[in-house]
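Now for the letters of each chain:
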Amino acid sequence: MSAGRDHDLTRREALAALAASGPLLLAGAAAAALPAPPPGKEDALNSKAALVGKHTVVPLPFAAGSLHGLSERLITSHHDNNYAGAVRNLNGVEQELARITPATPPFLVAALRERELAFRNSKTLHEAYFANLGGDGRRSGAIESALAQAYGTSARWQEQMRATGMGLGGGSGWAILAFELDTGALRTVSSGGHTQALANSVPLLVLEMYEHSYQMDFGAGVTPYLDAFFANVDWNEVNRRLERARHMHTLVGANAG
Ligand SMILES: [Fe+2]
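Quick caveat: nothing in here was measured; it's all calculated off a predicted structure.

What counts and what doesn't
Residues numbered from 1 in each chain as written. Predicted model: local features only at pLDDT ≥ 70, side-chain atom pairs only at ≥ 80, totals over all residues. Heavy atoms only, no water. Helix = DSSP H or I, 4+ residues; strand = E, 2+ residues; numbered from the N terminus. Polar contact = N/O pair within 3.5 Å; in protein donor to acceptor, adjacent residues only side chain to side chain. Axes fitted to C-alpha atoms, helices over the stretch in contact; angles between N-to-C directions. Parallel < 35°, antiparallel > 145°, perpendicular 65-115°, else oblique. Contact = heavy atoms within 4.5 Å. Nonpolar A, V, L, I, M, F, W, Y, C, P; charged D, E, K, R; others polar. Left-handed = near helix turned anticlockwise from the far one by under 90°. pLDDT = per-residue confidence, 0-100. Buried < 20%, exposed > 50% of the residue type's maximum accessible area, 1.4 Å probe, protein only. Donors = N, O, S within 2.8 Å, 3.2 Å for Na, K, Ca; no water.

### Examining the environment of Y83
So, point 1. Assignment of secondary structure puts Y83 in helix α5 (residues 72–97).
So, point 2. Considered as a pair, Y83 and T124 are 41 residues apart in the sequence and their alpha carbons are 9.5 Å apart.
So, point 3. From its side chain, Y83 meets the backbone nitrogen of V58 in a polar contact 2.9 Å long.

Written as structure tokens, this is what we have:
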């Protein structure tokens, strides 16, 4: 795997709340309304660790033209426009949040916080999505047995995952195979946007269902997109995520059920 595949992965996987997308309209309005930092203080404000606003775009972990049934044009556009746009917008929102003061109107803070969550989770999920592509689509290893234990057979789980993706077709969102940290259970989750996924869980396999992830190649054809997605899954990457999630479960899991 390229260096890009492992970039920031542990931190991404530790994110549990997944979040709703949309253009950065409110942040622009907020930027006009928020007071500028005092002269000489801008660098200090923007240097806070929580709101640096300097996230970078993670390169594709595979050659854009190397996938089976997903075109180079689609993958490049998705990565360079949609994903990179989310990173740029997250940076912009963080920089605006770094400027808030006790005098900032609460509705502006609320709007910025909503956009912050959407763009942060969009970044996280896009990186996980691209990182779990580039494989040969053949399941093996620990995830195979874990899926069989959870769903009867791993093929039965794939039926559920496909159906979850189909349910989001023509709209937006993500289908996610997630590892629940408190119970150690596998869950198949449908998130209608960037903000609706399972709390306290680690994404193991991320399937994007926003139309920009397939429309260029398939129009409204969800079924051929799902065929192509599963044919390109890198199950070695999923197994690495499962191993790390199980380790996290031993550290933080306290409840059963
Ligand atoms: Fe996307």
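### Brief notes about the packing of helix α7 (residues 142–151) against helix α8 (residues 154–167)
So, point 1. Their axes nearest at 7 Å, the elements α7 and α8 cross at an angle of 75 degrees. When the axes of α7 and α8 are compared, the pair comes out roughly perpendicular. Contact with α7, carried on its side by E144, L147, A148 and Y151, involves S154, R156, W157 and Q160 of α8 and no other residues of that element.
So, point 2. When grouped by side-chain class, the residues that make up the contact of α7 with α8 number four nonpolar, two polar and two charged.

### Some thoughts on the packing of α5 against helix α6 (residues 106–131)
So, point 1. It is the contact of α5 with α6, at a shortest axis distance of 9 Å, that shows an interaxial angle of 145 degrees. Pair α5 / α6 crosses with left-handed handedness. Judged by residue contacts, H78, H79, Y83, A86, V87, N89, L90, V93, E94, E96 and L97 of α5 engage L112, R113, R115, E116, F119, R120, S122, K123, H126, E127, Y129 and F130 from α6.
So, point 2. Of the residues belonging to the contact of α5 with α6, the class tally is ten nonpolar, five polar and eight charged.

### Points about the confidence of the model for the protein
So, point 1. Taken residue by residue, the protein gives an average pLDDT of 85. The fraction at 70 or more is 80%.
So, point 2. Note on residues 1–35: pLDDT under 50 across the span, and 83 contacts to partners over four residues away in sequence or across chains.

### A few points about the environment of Q158
So, point 1. Topologically, Q158 is positioned in helix α8.
So, point 2. When the C-alpha atoms of Q158 and L177 are compared, they prove to be 9.9 Å apart, with 19 residues separating the residues in sequence.
So, point 3. Aside from chain neighbours lying at most four places away, what touches Q158 is R139 and F230.

### Considerations on the side chain of N132
So, point 1. With respect to the secondary-structure elements, N132 resides in the loop between α6 and α7.
So, point 2. Look at N132 and you get buried, because its relative accessible area is 0%.
So, point 3. Separated by 2.8 Å, the side chain of N132 and the backbone nitrogen of V206 make a polar contact.

### Focus on the coordination of the iron ion
So, point 1. The protein atoms that coordinate the iron ion are H78 (NE2), H126 (NE2), E208 (OE), E208 (OE) and H212 (NE2), at distances spanning 2.0 to 2.4 Å.
So, point 2. Within one chain, the residues donating to the iron ion are spaced in sequence as H-x47-H-x81-E-x3-H. Placement of the pair is H78 in helix α5 and H126 in helix α6, with a sequence separation of 48 residues.
So, point 3. On the basis of relative accessibility, which here comes to 1%, the residue H78 falls in the buried class.
So, point 4. The class for H126 is buried, based on a relative accessible area of 2%.

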